[in-house]
Amino acid sequence: MAIERTFSIIKPDATRRNITGKVLSYLEAAGLRVIAQKRIHMTKEQAEGFYAVHKERPFFSDLVTFMTSGPVVVQVLEGEDAIAKNREVMGATNPANAAAGTIRKDFAESIEANSVHGSDAPETAKQEIAYFFKEEEIVG
Ligand code: UDP
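As annotated in an unreviewed UniProt entry, the chain is Nucleoside diphosphate kinase from Hansschlegelia zhihuaiae. Quoted verbatim from the Sequence similarities (unreviewed entry) heading of the UniProt record, the comment on the chain is "Belongs to the NDK family." UniProt's Cofactor (unreviewed entry) comment on the chain is quoted here verbatim: "Mg(2+)".

In structure tokens form, the structure reads like this:
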């Protein structure tokens, strides 16, 4: 298995409840290492661009409103098989379907306010990292 990088967001429902540390502890326990991190408040344009792939979906406008409703923590995570490992510890998109011990099972409020984002493939990981981070901000 290769060392990979993936992109993660701790979403506004988690910053609002002040549980970013709790969420991070699940990521670290899964073998993921934070090699870049910053707290930002996304603009509408940033959120729309980030979720452009979903722009025809019925939930798009509400999702952009949610993602800009408060600060988020954007992260680059590194580790063996990091993309799949992160998706596993995140749990299913809908917390009602998320497995025990996952972040979304334990913390998500709803299918929308589901506490974390994680890239789903190497190509999206690369694009998403570059969307928020300059190479010199990443310290591996
Ligand atoms: N989402 C939503 N309603 C839905 C499906 C998704 O609000 O019916 C939101 C949710 O916050 C999710 C994000 O849109 O995390 C992106 O959806 P995707 O299907 O890519 O899920 P993910 O990869 O985040 O599990």
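Still to come is the rest of the account.
1. What to know about the UniProt feature "active site" (unreviewed entry) in the chain
Listed under "active site" (unreviewed entry) in the UniProt record, and renumbered for this structure, are H117. Residue position: H117 is located in strand β4 (residues 116-118). Residues in contact with H117, not counting those within four places in the same chain, are F7, S8, I9, K11, F50, Y51, N86, M90 and E128.

2. Quick notes on the site of the ligand
Every residue near the ligand is listed here: K11, H54, F59, L63, R87, T93, R104, I111, E112 and N114. Here an oxygen atom of the ligand and a side-chain polar atom of N114 are 2.9 Å apart. Protein coverage of the free-state accessible area of the ligand, which is 500 Å², stands at 81%. Among the residues forming the shell around the ligand, the class breakdown is three nonpolar, three polar and four charged.

3. Quick notes on the pairing of strand β3 (residues 72-80)
A large share of β3 lies buried, amounting to eight of its nine residues. Of the strand pairs in this sheet, strand β1 (residues 3-10) and β3 are connected by eight bridges, and their pairing is antiparallel. By the bridge assignment, I10 is partnered in β3 with V73. With seven bridges connecting them, strand β2 (residues 33-40) and β3 associate as antiparallel partners. Directly across from K38, in β3, lies its bridge partner V74.

4. Quick notes on the UniProt feature "domain: Nucleoside diphosphate kinase-like" (unreviewed entry) in the chain
Taking the numbering used here, the UniProt-annotated feature "domain: Nucleoside diphosphate kinase-like" (unreviewed entry) corresponds to residues 3-140. Between the C-alpha atoms that bound residues 3-140 there is a distance of 11 Å. The span itself is 40% helix and 20% strand.

5. Here's the deal with the environment of I9
Along the chain, I9 turns up in strand β1. Exposure remark for I9: the relative accessible area of 0% places this residue in the buried category. Along the chain, I9 and E56 lie 47 residues apart, while their C-alpha atoms are 22 Å from each other. With near-sequence residues (within four places) excluded, I9 lies in contact with M42, F50, M67, V72, V73, V74, S115, V116 and H117.

About the cut-offs
Residues numbered from 1 in each chain as written. Predicted model: local features only at pLDDT ≥ 70, side-chain atom pairs only at ≥ 80, totals over all residues. Heavy atoms only, no water. UniProt positions renumbered as here; feature names shortened; annotations may be inferred. Helix = DSSP H or I, 4+ residues; strand = E, 2+ residues; numbered from the N terminus. Contact = heavy atoms within 4.5 Å. Near = heavy atom within 4 Å. Polar contact = N/O pair within 3.5 Å; in protein donor to acceptor, adjacent residues only side chain to side chain. Areas by Shrake-Rupley, 256 points an atom, 1.4 Å probe, with all protein chains shown as cover. Nonpolar A, V, L, I, M, F, W, Y, C, P; charged D, E, K, R; others polar. Buried < 20%, exposed > 50% of the residue type's maximum accessible area, 1.4 Å probe, protein only. Pairing = 2+ DSSP bridges.

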